[in-house]
Structure formats: structure tokens, C-alpha cells
Amino acid sequence: MAEFLKLYQQTSNLAGMTYLRPFVAHGVALATEEQIEANVPKMLTHVTDPNLVPR
């Protein structure tokens, strides 16, 4: 997935923004609501990770 997002990373660098590591959940288009709900704790852990934002 990182390879597909390189263009966005390069664009954010060009614009002087900080590119943050994305949270990726595969198969969401076909997932049940329960499967999506199961990803919520993982997503919350990802977005609250203090190492997500480089200092």
C-alpha cells in the first residue's frame, strides 16, 4: 500500500505538509458491519500512537 501512496507523500512534502502513516483496512467494501467494527480499536490505536507524528 505504501507504494501506491508515494504520490500523496511526495505531494505533501512539496506543499510543506507532514505526511502521516495511513491506517489501512483491506476489504472494507465487502465487509460486514461487524468486521468493520472490529477494526475500530486498531484504528484508534493507530491515530493515538505518539510515534505517528514525527517530531
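Caption draft 1: Structural context of a nonpolar patch on the surface. Nonpolar side chains collect at one region of the surface, where Phe23, Val40, Met43, Leu44 and Val47 lie side by side and expose about 370 Å² of accessible area between them. The residue Val47 is located in helix α2 (residues 33–47) in this model. Accessibility expressed as a relative area gives 45% for Val47, which makes it partly exposed.

Caption draft 2: Just the pattern of salt bridges, in detail. Scanning the entire structure with this criterion turns up one salt bridge. A salt bridge links Asp49 to Arg21; the shortest N-O distance between them is 3.4 Å. With Asp49 in the segment after α2 and Arg21 in the loop between α1 (6–14) and α2, this pair connects stretches of sequence that are 28 residues apart. By relative accessible area, Asp49 is classed as partly exposed at 24%. Overall, the relative accessible area of 43% leaves Arg21 in the partly exposed class.

Caption draft 3: Here's a closer look at the side chain of Ser12. Residue placement: Ser12 occurs in helix α1. A polar atom in the side chain of Ser12 sits 2.8 Å from the backbone oxygen of Gln9. Sequence-distant contacts of Ser12, defined by excluding residues within four places in its chain, comprise Met17 and Tyr19.

Caption draft 4: How the structure looks around α2. End to end, α2 covers 21 Å across 15 residues, agreeing with the expected 21 Å (1.5 Å per residue, within 8%). At Pro41, α2 shows its strongest bend, of approximately 30°.

Here is what the cut-offs are and how they apply
- Residues numbered from 1 in each chain as written.
- Predicted model: local features only at pLDDT ≥ 70, side-chain atom pairs only at ≥ 80, totals over all residues.
- Heavy atoms only, no water.
- Patch = residues over 30% accessible without salt bridge, like charges linked within 9 Å, V, L, I, M, F, W, Y side chains within 5 Å.
- Areas by Shrake-Rupley, 256 points an atom, 1.4 Å probe, with all protein chains shown as cover.
- Salt bridge = Lys/Arg side-chain N within 4 Å of Asp/Glu carboxyl O.
- Helix = DSSP H or I, 4+ residues; strand = E, 2+ residues; numbered from the N terminus.
- Buried < 20%, exposed > 50% of the residue type's maximum accessible area, 1.4 Å probe, protein only.
- Polar contact = N/O pair within 3.5 Å; in protein donor to acceptor, adjacent residues only side chain to side chain.
- Contact = heavy atoms within 4.5 Å.
- Expected span 1.5 Å × (residues − 1).
- Bend = angle between axes of the 7 residues up to and from the residue.

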